[in-house]
Amino acid sequence: MLIKRDIEEELCACANEYPVVTIFGPRQSGKTTLARMAFPDKQYFSLEDPDIRDHIAEDPRGFLENIPDGAILDEIQRLPDLLSYIQSFVDKDNRSGLFIIPGSHQPLLHQAVSQTLAGRTAILNLLPFSHAELGRLHKQQDPFELCCTGAYPRLHDKHLKPDRFFAGYVQTYVERDVRALINIKDIDRFQVFLRLLAGRIGQLVNYRALSNDVGVSSTTIKNWLSVLKASFVAFELPPYYENIRKRVTKSPKIFFCDVGLACYLLGIHNANQLQRDPLRGGLYENLIILEILKERLNHGLTPQINFYRDSNGHEVDLIIRDGRSLHPIEIKSASTFTSSFITGIENFRKTVGQRCARGMVCYNGKEKTTFKNTDVFNPFIHDGFKFAVR
């Protein structure tokens, strides 16, 4: 069953303004399906097919001349030289919405696009299903169930078993993307690194500790982490320290682009197991931050999100920047609200003064209330994640 993706409106708007729209995202996040649903009348070519790739490579100009109204060109990183011919084509044609380019294996494609299509393409990032999108597909899941299942479209569309899906996903990712990006001599150690990183969700990145635990150099850890970020497996949440006189943390936190993958790597198979796991809070925090990130990306907004922590241990899980306003958000997996949940927000208010907007606590309870100028609610049952783009 195909469902409308929230980013489709932004995709169509970009296609009305730019001759090329490039869609980045992790493998199997639905980029191709999105492009074909949004532009059903456009011809589709997958350069993953060697016959099509060879045909285009033999005569790229002739190929483009035969598609005067443009096309969807999938996996174009398999033939990056074609981008130079597209540049010449769109410069002569001067029409918008000619080419839609979905691509995984993001680093190579991103570099090629940046070099050849600068100013000619809009760039969108598509992550797996959001909570709102999943609600259109079936009855909305409990957040802990969603953590364990993950949000990749095929998982839900085909009703696949998560453990089997992620086992294949990791193997494919390691065998194809990682080997293509960097020369990994010891795949087993890289897989250990993946599992250890999942165990550090929501924590500050510590290269030395990871280096000691995995048994490779800190430089190798940095390279491996850069690959995970570039291929949309993990992302870093940067700290907020602009114009703050206090000593604050300047190291980022690490999170995964799909919590289901993290749970698989940790050996967490169901919601009951997760609720008893020591990493419950970090995984729930990852889920909320990821939903906020998806909401912003699906509306064509830059993430503009940070966390805050000072040298005294005062912390706010998430800061959404909106111009000069700073929206502090605390994330708690508990079902019962306590006043301690807003301690970090109150400290942040004192630190940044009038720039601090109304605070929010996202927790797993059923009650919606306000407490000391802070909204307390469960976004999975109250209003969703629209607050991230207001």
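What counts and what doesn't
- Residues numbered from 1 in each chain as written.
- Predicted model: local features only at pLDDT ≥ 70, side-chain atom pairs only at ≥ 80, totals over all residues.
- Heavy atoms only, no water.
- Helix = DSSP H or I, 4+ residues; strand = E, 2+ residues; numbered from the N terminus.
- Buried < 20%, exposed > 50% of the residue type's maximum accessible area, 1.4 Å probe, protein only.
- Contact = heavy atoms within 4.5 Å.
- Areas by Shrake-Rupley, 256 points an atom, 1.4 Å probe, with all protein chains shown as cover.
- Lys, Arg positive; Asp, Glu negative; His and termini not counted.
- Charge placed at Lys NZ, Arg CZ, Asp CG, Glu CD.
- Patch = residues over 30% accessible without salt bridge, like charges linked within 9 Å, V, L, I, M, F, W, Y side chains within 5 Å.
- Salt bridge = Lys/Arg side-chain N within 4 Å of Asp/Glu carboxyl O.
- Polar contact = N/O pair within 3.5 Å; in protein donor to acceptor, adjacent residues only side chain to side chain.
- Pairing = 2+ DSSP bridges.

A. A look at the overall build of the protein chain. Scanning the protein chain from N- to C-terminus turns up 17 helices and 13 strands. For the C-alpha atoms alone, the extent of the protein chain along its principal axes is close to 65 × 45 × 45 Å. Burial analysis of the protein chain (390 residues in total) assigns 53% to the buried set. For the protein chain, long-range pairs separated by at least 24 residues make up 68% of all intrachain contacts whose partners lie at least 6 apart in sequence. As displayed, the protein chain offers around 17800 Å² of accessible surface, 45% of which is attributable to carbon and sulfur atoms. The centroid of the 49 positive side-chain charges in the protein chain is displaced by 7 Å from the centroid of its 45 negative side-chain charges.

B. Molecular detail of a negative patch on the surface. Side chains of Asp-49, Asp-51, Asp-54, Glu-58, Asp-59 and Glu-65 sit close together on the surface and give a patch of like negative charge. Looking at which element gives the most residues to the negative patch, the answer is helix H3 (residues 50-58), with 3 residues. Its place among the elements puts Glu-65 in helix H4 (residues 60-65). On the basis of relative accessibility, which here comes to 59%, the residue Glu-65 falls in the exposed class.

C. Representation of helix H14 (residues 259-266). Summarising burial for H14: 6 of the 8 residues are buried, a large majority. Of the residues flanking the start of H14, the one acting as N-cap is Asp-258, its side-chain oxygen 3.1 Å from the backbone nitrogen of Gly-260. Phi for Gly-267, located one or two positions after H14, is positive at around 75°.

D. Expanded view of the environment of Phe-39. Relative to the helices and strands, Phe-39 is located in the loop between helix H2 (31-38) and strand S2 (43-46). Judged by its relative accessible area of 15%, Phe-39 falls in the buried class. Measuring from C-alpha to C-alpha, the distance between Phe-39 and Ile-100 comes to 8.8 Å, with 61 residues separating the pair along the chain. Other than its neighbours up to four places away in sequence, Phe-39 contacts Leu-11, Cys-12, Ala-15, Ile-72 and Ile-100.

E. Looking closely at the pairing of strand S1 (residues 20-24). The buried fraction of S1 is high, at 5 of 5 residues. Pairing geometry for S1 and strand S4 (residues 99-103), over 5 bridges, is parallel. Bridged to Val-20 within S4 is Phe-99.

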